[in-house]
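Letter by letter, the chains look like this.
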Amino acid sequence: MKDSLLFTGQNEIEFHKRFSEKAACMNYLMDLKWGKGFVCPHCGCTKESNCNLLYSKRCSKCNRIISATANTLFHQVKFGINKAFLIIFKMSATTKSISAEQLAKTVGVNRKTALLFQHKVRLAMQSSEKHPLTGQVEVDETFIGEKDETVGRSTETKSLIAVAIEKNGATGVKRMYARKIDNASAVQLKTIFDKHIATDANILTDKWTGYSPLKEVYNITQEKSQPDKNFKVMHRCIQQLKSWIRGIHHSISPAYLQGYLDEFCYRINRSIHKENIFNNLLCRMMEGNYKTKNQIKFAYCS
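Reference entry: report on the structure contained in this document. (Residues numbered from 1 in each chain as written. Predicted model: local features only at pLDDT ≥ 70, side-chain atom pairs only at ≥ 80, totals over all residues. Heavy atoms only, no water.)

## Details of the packing of aromatic side chains
Evaluated as defined, the whole model comprises 20 aromatic pairs. Measuring from centroid to centroid gives 5.5 Å for Phe 7 and Phe 19, while their planes differ by 65°, and the two rings are edge-to-face. Residue Phe 7 is located in the segment before α1 (12-19), and its partner Phe 19 is located in helix α1; the two are separated by 12 residues in the primary sequence. Residue classification places Phe 19 among the buried residues on the basis of a relative accessible area of 2%. With a centroid separation of 5.3 Å and an interplanar angle of 90°, the aromatic rings of Phe 19 and Tyr 28 are classed as edge-to-face. Owing to a relative accessible area of 2%, Tyr 28 belongs among the buried residues under this scheme. (Phe/Tyr/Trp six-rings, centres within 6.5 Å; stacked < 30°, edge-to-face > 60°. Helix = DSSP H or I, 4+ residues; strand = E, 2+ residues; numbered from the N terminus. Buried < 20%, exposed > 50% of the residue type's maximum accessible area, 1.4 Å probe, protein only.)

## A look at the layout of surface pockets
Reported here for the largest pocket is a volume of approximately 680 Å³. Ser 127, Ser 128, Tyr 177, Arg 270 and Arg 284 are, among the 30 residues lining the largest pocket, the residues nearest its centre. Listing elements by their share of the lining of the largest pocket, those giving two or more residues are β6 (172-181), α6 (186-196), α8 (257-269), α9 (277-287) and α10 (293-301). It is β6 that contributes the most residues to the lining of the largest pocket, six residues altogether. Tallied by class, residues from the lining of the largest pocket come to nine nonpolar, 11 polar and 10 charged. By volume, the second largest pocket is sized at about 380 Å³. In terms of residue class, the lining of the second largest pocket is made up of seven nonpolar, seven polar and five charged. (1 Å grid on protein atoms, 1.4 Å probe; cavity = no way out; pocket = protein on both sides within 12 Å on 5 of 7 lines; lining within 4 Å. Points joined across faces, edges and corners; volume = space filled by probe spheres on them. Nonpolar A, V, L, I, M, F, W, Y, C, P; charged D, E, K, R; others polar.)

## Some words on helix α3 (residues 81-92)
The end-to-end C-alpha separation of α3 is 17 Å, in line with the 16 Å expected for 12 residues at 1.5 Å each. Listed in full, the buried residues belonging to α3 are Ile 81, Ala 84, Phe 85, Leu 86, Ile 87, Ile 88, Phe 89, Lys 90, Met 91 and Ser 92. Summarising the contacts, the buried residues of α3 are in contact with α1, α2 (22-34), α4 (100-107), α5 (111-124), α8 and α9. (Expected span 1.5 Å × (residues − 1). Contact = heavy atoms within 4.5 Å.)

## Observations concerning the sheet that holds strand β2 (residues 56-59)
As summarised here, the arrangement of the three strands in space is β1-β2-β3, forming an open sheet in which the pairing is antiparallel. With partners counted over all chains shown, the strands left at the sheet margins are β1 (48-49) and β3 (65-67), one partner each. Of the pairings in the sheet, the one linking β1 to β2 comprises two bridges and is antiparallel in character. Within the sheet, the bridge partner assigned to Glu 48 lies in β2 and is Cys 59. Here α2 sits on the sheet and contacts β2 and β3; the angle it forms with β3, its principal contact strand, is near 115°. (Pairing = 2+ DSSP bridges. Axes fitted to C-alpha atoms, helices over the stretch in contact; angles between N-to-C directions.)

## Overview of the pairing of strand β4 (residues 136-145)
Burial analysis of β4 places eight of its 10 residues in the buried class, which makes it a mostly covered element. Note that β4 and strand β7 (residues 202-205) share three bridges and pair parallel. For Gln 136, the partnering residue across the bridge sits in β7 and is Asn 202. Looking at chain direction, β4 and strand β5 (residues 158-168) are connected through nine bridges and run antiparallel. The residue bridging Val 139 from the neighbouring strand is Ala 164, located in β5.

Here you go:
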């Protein structure tokens, strides 16, 4: 797609002017899918023949008809593609996203339908794991869930997550990743290191023993956590995450928690690229494969 045709910015009025009709949305998706040429997903043929179906192409070799949304995260969306576009805009271009209940009222669908499509969007927000954190990195763990009297790193009523941030100076954050983990063992903590942190990063953690075995691979410095004295940036990020969950979503099923973590980090990591965040997410939706509700849950756990 030509840069001049890309939708950029965060202006909701301009968004509605551009994508209020189905045709505008589908033509945009067609440009994203076939802007660089047609390729049949079944046989690899690059030639197309006449097709009478709107927003579709026919392969001249295997004669199959492929729609613009086939085998993407838009596949079998039954409530209108313009509503799907609005959900994606609300979840990307806005600062804090939107709850399923409010979204259902805004776009005119039931809550379960809104929530299911939000989960599909969150799949597209997953990290590619191609850009690990470098430089000054901090790692910590925290619990997400209802308030209780539990102290320490073990609880039955909360979900444990590991958080990693790449610092930008003394007080800023370049990027952030968070992963749900089963416990604070070295084996579980290693997942966020392997997926999101470069081996040459300078990593700071607290004194928890679970980090010690990881020093064989990663450059880790450990120091005792002292409230209001160190790890200030990390603690601020964790507080923002918890406030976002409580303020927007109120409560989250542990089975889908990773999706919400991915959503929060997606917007944080693209805070300096907000102009193109909506288009970036549309591209990811087109690259993703169609998934059922059960497949979505499995994808979050993988």
